[in-house]
Amino acid sequence: MKSGDMKKLIKTASGEIPADLVLKNGSIVNVFSGEILKGDIAVCDGKVAAVSYAGESDITYEGLEVIDLQGKTIVPGLIDAHVHIESSMGTPENFASIVIPHGTTTVIADCHEIANVCGNDGIRYMMNASDNTPLDVFFMIPSCVPATPFEDAGAKIRIEDMKHFIDDKRVKGLGEMMDYPGVLQGRSDIMDKLTLAVNHGKFVDGHGPTLTGKALSAYAVAGIKTDHECSSLEEMRDRLRAGMYVLIREGSAASDLKELIKGVNESNSRRCCFCTDDRQAEDIIHIGHIDNNVRLALKAGVDPVSVIRIATINSAECYGLKGKGAIAPGYDADFLITDNLKDFNVESVYINGILSAEKGEYKFSIDSLEDRHVLYTVHLQSIDKEVFKLKMSSDSANVISMKPGSLITEKVVRKVKRDKEGYFSEGDGCDLIKVAVIERHKGPGYIGLGLLENYGLKGGAVASSIAHDSHNIVVAGDNDEDMIRAVRELKECGGGITVVSGGKVLDTLELPIAGLMTSMDSGKLAEKLNSMIELARKELCINPAMDPFMTLAFLALPVIPDIKLTDRGLFDVKTFSFIDVSV
């Protein structure tokens, strides 16, 4: 800040010159004192110059613009502590247009989805595109691309690549350290990455599901300060005791808030933050973003001020976001106006003192960045029926059992039917279906095959180029012909999501940007996605308790227990090793 700017703020706060904006007669949530007080807010050059509370001072502020809030509640702008913007399926510009009307003014973005496809070019694209929005986007440089050595991504992010980004002021540290075995083993490449962060005064995000005891201590002592993978109160307790922040997640596929909010109390609430991790545009528009987390926490009976702290100042303090997360002199003028702290309906949103959304309407134009480096990323060899034939050496199989509302899958053993040649036999009332992950980046022809239960699919196939985190093609179906047609459809359109039945493509959402995103208007994207979700459930009978696409996408992530599938084969996450489908 220049001395002239400081002087102007001081004069505004002193009442010597009028503010740019004065919000009068609001109920202000003070995250520092824990109070909700009537008062006025004076804004100058995008900063809060002063807050005058009723009965505390006789100072009244004049402004070039004055708005009477008539008692409505003013809350600091909401912060998403961990999000993959790519999971919205929209560009950063479109993502901003749908989260800002819900009160989100700042996000901590980990762009490892696109980095797994496009490497450094993908990271640069996300950073450049985010500059086109009023949303404050900070970045965590992907630390595990690919997530493990047991899959094939489109790129690798090495220590040399990280050095290009680590000193950028928007970069707060390294993204989720998913390779926890590498941390515990002290593997040299992982140690180099952690040391890079520490030596540059940066943060490291965690990703350590099921880690306990000595393993958790070893993970935390490596400088890893957060975890968004808690799914139980025991995991939450252990991480809080280890001095970590717990990022309470409410995404489209993983919904942990309902359980974890039970563990929030007066003593530990300041070490909790809200995040969405992966949330589709359709859910953001119709259900909400961090405001949805807030409503769920309020409904659970958590003290309103504690809830607002979790949604704002906690994340700002956790990641060192100076000037964020509070309404106080010198802080950024990021805040939202809501009718009350029960229903928490966001009526208007200000970023840097500028009205950015009102009554759900985004106030800025959307002009998505075009970048040829993140297009045309689906490269497949020819696919024929033979590639999906699953040879079985016994009548028992290791099966991926899906759980509604969770990314965790259970490894179960099921009896299967085989044809006379020993191949898995489809149909005949079998509840199991095939699932395949196909390498789509460099075309070596790797295909992993497995069996899936509880997905509920009948009479077709679903395929997607969104398959966390390497983002190969994932396809599930109850017959090889529809699986082949679905994969060929994605090859032809350059990536996306498709639903096939009877050899015909029922519908496809094209995602030409890295096979992950589209520049389509977010409202139209949400309509399209919602239509396809309903189509998949109606025509293919997919389990209504699951998001048919996002749930499928996480079957390829070999760092989430218990059992997953990569392009190299069936993977036991607990033993960190490949296993046969046949038992």
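Residues numbered from 1 in each chain as written. Predicted model: local features only at pLDDT ≥ 70, side-chain atom pairs only at ≥ 80, totals over all residues. Heavy atoms only, no water.

Where we set the bar: UniProt positions are given in the numbering used here, feature names are shortened, and annotations may be inferred rather than shown by experiment.
As annotated in an unreviewed UniProt entry, the protein carries the name Adenine deaminase and comes from Spirochaeta isovalerica. Its UniProt record gives the protein the following Catalytic activity (unreviewed entry) comment, quoted word for word: "adenine + H2O + H(+) = hypoxanthine + NH4(+)". What the UniProt record of the protein gives under Cofactor (unreviewed entry) is the line "Mn(2+)".

A closer look at the overall build of the protein
Under the convention used in this document: Segments assigned H or I by DSSP are reported as helices when at least four residues long, segments assigned E as strands when at least two residues long, and all are numbered from the N terminus. As defined in this context, the radius of gyration uses C-alpha atoms, and a globule is described by 2.2 Å times the residue total to the power 0.38. Exposure categories follow from relative accessible area, calculated using a 1.4 Å probe and restricted to protein chains: below 20% of the type maximum is buried, above 50% is exposed, and the middle band is partly exposed. Should any heavy atoms of two residues lie within 4.5 Å, those residues are counted as being in contact. Values of accessible area rely on a 1.4 Å probe in the Shrake-Rupley scheme; residue burial ignores everything except the protein chains shown. For the purpose of counting charges, residues Lys and Arg are taken to be positive, whereas Asp and Glu are taken to be negative. His and the chain ends are not included. Each charge is placed at NZ for Lys, CZ for Arg, CG for Asp and CD for Glu.
Within the protein one finds 17 helices and 28 strands. The globule rule puts the C-alpha radius of gyration for 583 residues at 25 Å, and the 25 Å found for the protein is close to it. Viewed in the frame of its principal axes, the protein has a C-alpha envelope of about 90 × 50 × 45 Å. Counting all 583 residues of the protein, 61% fall into the buried class. Counting only contacts in the protein whose residues sit at least 6 apart along the sequence, the fraction spanning at least 24 positions is 68%. Total accessible area on the protein stands at roughly 22,000 Å², and carbon and sulfur atoms take up 47% of it. With 63 positive and 85 negative side-chain charges, the protein shows a spacing of 3 Å between the two charge centroids.

Notes on the domain arrangement of the protein
So the rule is basically this: Note that the domain bounds were set by an automatic or database domain assignment. The term buried area denotes the loss of accessible surface (1.4 Å probe radius) that occurs when two parts are joined, taken as the sum for both partners. The salt bridge definition used is simple: a Lys or Arg side-chain nitrogen within 4 Å of an Asp or Glu carboxyl oxygen.
Annotation of the protein at the domain level lists domain 1 (76–271 + 278–302) and domain 2 (375–578). Here the C-alpha centre of domain 2 lies 25 Å away from the C-alpha centre of domain 1. Counting from both sides, the interface comprises 46 residues of domain 1 and, opposite them, 51 residues of domain 2. Roughly 3,600 Å² of surface becomes buried between domain 1 and domain 2 when both sides are summed, with 64% attributable to carbon and sulfur atoms. Three residues stand out in domain 1 for area buried against domain 2, namely Met89, Phe150 and Asp152, and they jointly supply 22% of the buried area on that side. The interface formed by domain 1 and domain 2 holds 1 salt bridge in total. Put simply, Arg568 and Asp152 hold a salt bridge, and the shortest N to O gap is 2.5 Å.

Description of the UniProt feature "domain: Amidohydrolase-related" (unreviewed entry) in the protein
As recorded in UniProt, the feature "domain: Amidohydrolase-related" (unreviewed entry) lies at residues 73–353. In the segment residues 73–353, helix accounts for 36% and strand for 20%; the C-alpha atoms at its two ends are 16 Å apart.

As for the side chain of Ser315
Within the secondary structure, Ser315 is located in helix H14 (residues 313–319). Owing to a relative accessible area of 0%, Ser315 belongs among the buried residues under this scheme. Apart from residues lying up to four places away in sequence, Ser315 is in contact with Ile79, Ala81, Cys273, Phe274, Ile310 and Leu321.

Concerning the packing of aromatic side chains
Rule in force here: Think of it this way: a Phe, Tyr or Trp ring, Trp meaning its six-membered ring, pairs with another when their centres are within 6.5 Å, and the plane angle makes it stacked under 30 degrees, edge-to-face over 60, tilted otherwise. Each ring is checked for a lysine NZ or an arginine CZ that lies within 6 Å of its centre and within 35 degrees of its normal; such an atom marks a charge sitting over the ring.
Following the criterion strictly, the structure yields 10 aromatic pairs and no others. Aromatic pair Phe150 and Phe576: ring centres 5.6 Å apart, planes at 85°, arrangement edge-to-face. Taken together, the residues span a long stretch of sequence, with Phe150 in the loop between strand E8 (136–141) and helix H5 (159–163) and Phe576 in the loop between strand E27 (569–572) and strand E28 (577–578) at a distance of 426 residues. Exposure remark for Phe576: the relative accessible area of 16% places this residue in the buried category. Ring geometry for Tyr362 and Phe364: centres 5.7 Å apart, planes at 50°, overall tilted. Relative accessible area serves as the criterion here: at 13%, Tyr362 is assigned to the buried category. Aromatic rings pair up to connect Phe150, Tyr180, Phe571, Phe576 and Phe578 into one cluster. Here the guanidinium or amino end of Lys389 rests over the ring plane of Tyr423, the centre of that ring lying 4.2 Å away.

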